[in-house]
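Spelled out from the first residue to the last, the chains are:
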Amino acid sequence: MSELSIEQFRETAAQIEREVGKVIVGQQEVVRHVLVSILAGGHVLLEGVPGLGKTMLIRTLGQALDLKFSRIQFTPDLMPADILGTEILESAASSSGIEQRTFRFRPGPIFANLVLADEINRATPKTQSALLEAMQEGSVTVAQKTYRLEEPFFVLATQNPLEMEGTYPLPEAQLDRFFFKVDVNLPNVNEMVEILERTTGKETASAGRAATGKDIVEMRTLARTVPAASHVKEYIARLMLATHPQDENAPPLVKQYVRYGVSPRGGQALLLGAKVTALLAGRYNVAFEDVHAVAPAALRHRILLNFDGLAEGIKTDAVIAELLKSMPK
């Protein structure tokens with residue numbers, strides 16, 4: 001077991017949420033899911049219409065976590081070298097007066113702890129794929145040389161679901177590399193009033209430091225030690241298989257509207273997310289309610305609907321709700 005205690009884990013996580021709450025109004029579930037993903041060591045895809053504070057949330061997290069923060073604005077003309085970095089030719093005179101030329105690697109914005117990939121679906125697939133190795137392997141290869149990224153390393157990406165013109169939807173293989181997909185919804189009336197008060201006044205709110213990169217690594221280590229009973233792991237396995245229409249335990253909604261279900265990576269995200277959720281609740285064991293709490297964020301981007309499902313306007317969240325309701329514990 002890690003040297004970090006469960007109480008210290010909870011207090012640090014609560015402090016992070018408090019600091020983020022100084023800037024971000026409401027959105028407690030969004031903040032919690034992003035925090036769970038970070039503490040589990042995963043990447044997050046935030047989806048919502050413009051103006052809901054997705055970019056502000058990520059920037060505020062960078063302040064609260066005291067990590068090296070980098071923002072990449074994705075555009076159609078963005079190239080892989082703009083993200084990863086490139087080798088530049090440098091000239092220098094030697095002691096004998098002869099000019100010597102050498103190549104030096106200049107790191108790109110991917111070399112940070114917390115990377116904001118803003119509007120990731122606006123870049124071309126060639127540029128999007130430049131993130132794949134970094135997200136999966138924690139390294140970057142340029143000119144046949146591999147460079148390790150400093151831990152902790154997280155990619156928090158945003159995308160706008162409304163404007164489809166001039167965008168390049170992320171392929172399934174890259175979507176699967178995001179630990180969670182979090183939907184950012186509109187605030188209610190009281191939250192909207194609070195947003196207006198905070199953002200149109202004389203003073204601008206900011207978040208203080210609540211944790212360091214070392215703290216995040218220690219919390220991630222503790223989360224992985226949380227035990228899960230065999231019946232809980234079996235429940236997750238049955239849940240994963242039931243997302244495939246050919247499975248005998250798949251509910252009618254899955255058999256009718258789903259083309260392809262969740263990969264094992266989705267089960268890993270579900271179990272790791274449940275472990276972090278259990279610690280946040282002060283328990284050193286995974287319960288069914290922990291699995292249910294993270295299931296929509298862990299699975300919504302990993303379930304592919306068929307033509308009938310898309311035509312009927314079926315939401316993957318409805319499929320997940322049906323799965324959780326029908327699957328016996």
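Scope of this entry: the structure provided in the associated data block. (Residues numbered from 1 in each chain as written. Predicted model: local features only at pLDDT ≥ 70, side-chain atom pairs only at ≥ 80, totals over all residues. Heavy atoms only, no water.)

Points about the overall build of the protein chain
Put simply, the rule reads: We count a stretch as a helix when DSSP gives it H or I for four or more residues in a row; a strand needs E for two or more, and each element gets its number in order from the N terminus. Between the two quantities, the radius of gyration covers C-alpha atoms and the globule rule is 2.2 Å times the number of residues to the power 0.38. Relative accessibility decides the category of a residue: with a 1.4 Å probe and only protein chains considered, values under 20% of the type maximum give buried, values over 50% give exposed, and everything between is partly exposed. The Shrake-Rupley method, run with a 1.4 Å probe sphere, supplies the accessible areas, and residue values consider only the shown protein chains as cover. For the charge count, each Lys or Arg is scored as positive and each Asp or Glu as negative, with His and the chain ends excluded. The atom standing in for a charge is NZ when the residue is Lys, CZ when it is Arg, CG when it is Asp and CD when it is Glu.
The helix and strand inventory of the protein chain stands at 15 helices and 11 strands. In summary, the protein chain has a C-alpha radius of gyration of 22 Å against a globular reference of 20 Å for 329 residues, a match within 12%. Counting only C-alpha atoms, the protein chain reaches 80 × 45 × 45 Å along its principal axes. Residues counted as buried form 51% of the 329 residues belonging to the protein chain. When the accessible surface of the protein chain is split by element, carbon and sulfur atoms take 52% of a total near 16,200 Å². With 35 positive and 39 negative side-chain charges, the protein chain shows a spacing of 3 Å between the two charge centroids.

With respect to the packing of aromatic side chains
Each aromatic ring pair is described using two quantities: the centre-to-centre distance and the angle formed by the ring planes. Under the convention used in this document: The pairing test for Phe, Tyr and Trp rings, Trp by its six-membered ring, is centres within 6.5 Å, and the orientation test on the planes gives stacked under 30 degrees, edge-to-face over 60, and tilted for anything in between.
Applying the stated criterion across every chain yields a total of 2 aromatic pairs. For the ring pair Phe 179 and Phe 180, a centre distance of 4.7 Å and an interplane angle of 45° mean the geometry is tilted. The pair formed by Phe 179 and Phe 180 is uniform in burial state, with each residue classed as buried. Geometrically, the ring pair formed by Tyr 235 and Phe 288 is edge-to-face, given 5.0 Å between the ring centres and 80° between the ring planes. With a gap of 53 residues between them, Tyr 235 in helix H10 (residues 230–241) and Phe 288 in helix H13 (residues 288–299) connect regions that are remote in the sequence. With a relative accessible area of 0%, Tyr 235 lands in the buried category. The class for Phe 288 is buried, based on a relative accessible area of 17%.

With respect to the nonpolar core
Note the following rule: What is meant by a nonpolar core is a set of buried Ala, Val, Leu, Ile, Met, Phe, Trp, Tyr and Cys residues, joined one to another through side-chain atoms within 4.5 Å. Here, residues are in contact when the closest pair of their heavy atoms is within 4.5 Å.
Core analysis: the largest hydrophobic core is formed by 76 residues, its most contacted members being Phe 9, Ile 16, Val 34, Leu 46, Leu 57, Leu 61 and Leu 270. In this view, Ile 16 contacts Leu 35, Leu 61, Leu 65, Ala 210, Ala 211 and Ile 216; residues no more than four positions away in its chain are not counted. Counting residues in each nonpolar core, the second largest holds 27 residues, with Ile 72, Phe 111, Leu 131 and Val 155 among its members.

Describing the layout of surface pockets
Note the following rule: We place a 1 Å grid over just the protein atoms. Points where a 1.4 Å probe fits but has no way out form a cavity, open points with protein on both sides within 12 Å along at least 5 of 7 lines form a pocket, and any residue with an atom within 4 Å of a point lines it. Grid points are joined across faces, edges and corners, and a volume is the space filled by probe spheres set on the points. Under the scheme applied here, ten amino acids are nonpolar (Ala, Val, Leu, Ile, Met, Phe, Trp, Tyr, Cys and Pro), four are charged (Asp, Glu, Lys and Arg), and all others, including Gly, are polar.
Reported here for the largest pocket is a volume of approximately 1,000 Å³. In this structure, the largest pocket is lined by 30 residues; those nearest its centre are Glu 47, Gln 159, Pro 161, Lys 181 and Thr 316. Among the residues forming the lining of the largest pocket, the class breakdown is 14 nonpolar, 8 polar and 8 charged.

Some details on the pattern of salt bridges
Basically, it comes down to this: Each reported salt bridge corresponds to a side-chain nitrogen of Lys or Arg within 4 Å of a carboxyl oxygen of Asp or Glu.
Using the criterion set out here, one finds 14 salt bridges in the structure. In this structure, Arg 122 and Glu 119 form a salt bridge, with 3.0 Å as the shortest nitrogen-oxygen distance. Looking at Arg 122, the relative accessible area reads 17%, which means it is buried. Through salt bridges with shared partners, one network takes in Asp 176, Arg 265 and Arg 302.

A look at the sheet that holds strand S9 (residues 180–183)
We count it as follows: Whether two strands pair depends on DSSP finding at least two bridges between them. All axes are obtained by fitting lines to C-alpha atoms, using only the stretch in contact for helices, and the reported angles, taken between N-to-C directions, cover 0 to 180 degrees.
The 5 strands lie next to each other as S2-S5-S8-S1-S9, forming an open sheet whose pairing is parallel. Either end of the sheet is taken by a strand with one partner, and the two such strands are strand S2 (69–73) and S9. Averaged over all adjacent pairs, the angle separating strand axes in this sheet is 20°, with direction ignored. Where strand S5 (residues 114–118) lies against strand S8 (residues 154–159), 4 bridges are found, and the strand directions are parallel. Bridge assignment links Ala 117 to a residue of S8, and that residue is Ala 157.

So, the side chain of Asn 121
Looking at the secondary structure, you find Asn 121 in the loop between S5 and helix H5 (125–128). We classify Asn 121 as buried; its relative accessible area is 5%. Beyond its immediate chain neighbours, meaning those up to four positions away, Asn 121 contacts Gln 128, Gln 159, Asn 160, Thr 167 and Tyr 168.

A word on the packing of H10 against H13
As a reminder, the rule being used: Orientation is classified from the angle alone, with under 35 degrees giving roughly parallel, over 145 giving roughly antiparallel, 65 to 115 giving roughly perpendicular, and any other angle giving oblique. What makes a crossing left-handed is the near helix being turned counterclockwise from the far one by less than a right angle; a clockwise turn instead makes it right-handed.
Running from N to C, H10 and H13 cross one another at 30°; their axes reach a closest spacing of 12 Å. With respect to H13, the axis of H10 lies roughly parallel. The chirality of how H10 crosses H13 is right-handed. Seen from H10, the contacting residues are His 231, Val 232, Tyr 235, Ile 236 and Met 240; seen from H13, they are Phe 288, Val 291, His 292 and Leu 299. For the contact of H10 with H13, the residue count by class is 7 nonpolar, 2 polar and no charged.

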